[in-house]
Amino acid sequence: MTAGVLFFAYNNDLVDYIKQAIYNAKLVKKHLNLPVAIVTDSVNYLEKTYPWYKKYVDYVIPKGTGQNTFSKKHYYAGEHFSTMAEWKNVNRFDAYNLSPFDTTIVLDTDYLISNDNFLKVLDQDDDLFIYKDSYDISLTRNIPGFERISDDTLDFYWATVLIFKKTERTKRLFKLVELIREHYHYFRTLYRIPLKTFRNDFAFSIAIHILNGYTITDWPKILPGKMLYSSPEDDLLTIKDEKYTFVVGNKFRRDKVNVVTLTGSNIHVMNKLHLNELIDKEFEHE
Amino acid sequence: MDQRLETVLQDVDHINTINNQKRLLKEQYVEDCVLYYNGGKFTVTKELLGFTTQLGTSYITDDNLVPVEIDKDEFNRLISNVYWNATKKYHTAYQELIKNSRNIEELLNL
């Protein structure tokens, strides 16, 4: 039985997701010691820009998104800057067919690995592990929208991290996510989702609900702990020896700022622009 | 030190930063205390450790009240390992935090 990590990396005008995936692959090698595969539509760019990538990446899988037009979303660099760019991360359902592994850890490129806790679940018989609960880096903030996919409908599951085995049930799950993407307008109307942009988290939440017979069961299994994230409005100031230092974004701040440092905790860094800048420094010696 | 970081550090909410760092350690500790065993998910606590030593059967319910069959000796050994490793790591990080709590740069390990 093989196990490995799969990233989807589709660059847009603003964010180099391939760079993030390679940086994260380096972290995966260190903490999980597993093979890494990157799915991308820009293989030439990857090979030319990061010619040393094979140190950390075992498979590069060429694959387009299957779409020609994309909706735009806001990208933030802390609380004082945001801009719009295309969001192309729409074909996560391809993970089932594209993954070269029997057990696959699918990660967002900006979910940075800093410990080996995911290894705990690899030898279990369950076919899907996912995060349901989450917390953000600030003690004093309560960011809404991550408990249910809309005010009065389904529980929210994060598609940021998925650990799955190839079974008939997970095959159906990924197929259903594909169907939900194709008919997203119908499903977002049905489940009263305010966001027009397709979002993998919503699609997986809906698909899990349907496969569970429109109720809540003990499937899928929940990953250890809760998913830690930093908001797009948090400034990521420095990365040094896998230590991440943030200034917590707070529009209503009157005087003092809150600073957070993290070591040893996996974290979903939503400020992709700062992350991209800082990875450049990390890659200087590659 | 990074120039931007130096500027920010002149204006940090010290108490809030300490409390926040403590909370992050606590959440990481709970994550480290999780054990998956025979299809069940167990968050290892002092109560679980005490309970399993008194357990007369080989069946136990997990965090989601799903019944799981266990090999008692093996299960006890595993949960003890998980608990002591996680708690030792938590204690070390917590002591470091307390020791450095007066100085914001040391507190944030910068």
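Scope of this entry: the structure provided in the associated data block. Worth saying up front: this structure is predicted, and the values here are computed from it rather than measured. (Residues numbered from 1 in each chain as written. Chains lettered and ligands numbered in written order. Predicted model: local features only at pLDDT ≥ 70, side-chain atom pairs only at ≥ 80, totals over all residues. Heavy atoms only, no water.)

1. Re the packing of helix α1 (residues 17-31) of chain A against helix α8 (residues 272-282) of chain A
Residue and element names in this part refer to chain A. Axis separation between α1 and α8 bottoms out at 10 Å; the angle between their running directions is 60°. With respect to α8, the element α1 is oriented oblique. When the axes of α1 and α8 are compared, the crossing they make is left-handed. Mapping the contact onto sequence places Tyr17, Lys19, Gln20 and Tyr23 in α1 and Lys272, Leu275, Asn276, Ile279, Asp280 and Glu282 in α8. Here the residues of the contact of α1 with α8 sort into four nonpolar, two polar and four charged. (Axes fitted to C-alpha atoms, helices over the stretch in contact; angles between N-to-C directions. Helix = DSSP H or I, 4+ residues; strand = E, 2+ residues; numbered from the N terminus. Parallel < 35°, antiparallel > 145°, perpendicular 65-115°, else oblique. Left-handed = near helix turned anticlockwise from the far one by under 90°. Contact = heavy atoms within 4.5 Å. Nonpolar A, V, L, I, M, F, W, Y, C, P; charged D, E, K, R; others polar.)

2. Some points on the interface of chain A and chain B
Residue-level contacts link 40 residues of chain A with 31 residues of chain B. The interface formed by chain A and chain B contains one salt bridge. Notably, a salt bridge pairs Glu27 of chain B with Lys226 of chain A, separated by 3.5 Å at the nearest N-O pair. The tally of links between chain A and chain B comes to 16 residue pairs in polar contact (both at pLDDT 80 or more). Listing elements by their share of the side of chain A that touches chain B, those giving two or more residues are α4 (119-122), β8 (128-131), β9 (134-136), β11 (221-222), β13 (235-240), β14 (243-247), β15 (259-262) and α8 of chain A. The dominant element in the side of chain A that touches chain B, judged by the number of residues it contributes, is β15 of chain A, at four residues. For the side of chain A that touches chain B, the residue count by class is 18 nonpolar, 12 polar and 10 charged. (Salt bridge = Lys/Arg side-chain N within 4 Å of Asp/Glu carboxyl O. Polar contact = N/O pair within 3.5 Å; in protein donor to acceptor, adjacent residues only side chain to side chain.)

3. Here we look at the sheet that holds strand β2 (residues 36-40) of chain A
Within a beta sheet, neighbouring strands are joined by backbone hydrogen bonds and run either parallel or antiparallel to one another. All names here are of chain A. An order of β3-β2-β1-β6-β10-β8-β11 is seen for the seven strands of this open sheet, with the pairing classed as mixed. What marks the edges here is a single partner per strand, and that holds for β3 (59-62) and β11. As judged from the four bridges shared by β2 and β3, these two strands associate in the parallel manner. The partner of Ala37 across the bridge, within β3, is Tyr59. Packing of α1 onto the sheet brings it into contact with β1 (3-9), β2 and β6 (103-107), and relative to β1 it is tilted by some 165°. Against the sheet, helix α5 (residues 168-182) touches β8 and β10 (158-165), its axis set at about 150° to β10. (Pairing = 2+ DSSP bridges.)

4. What to know about the environment of His274 of chain A
Residue and element names in this part refer to chain A. By secondary structure assignment, the location of His274 is in helix α8. A C-alpha to C-alpha distance of 9.5 Å links His274 and Pro232, two positions 42 residues apart in sequence. If we ignore the near neighbours within four places in the chain, the residues touching His274 are Ala77, Gly78, Asp234, Asp235 and Leu236.

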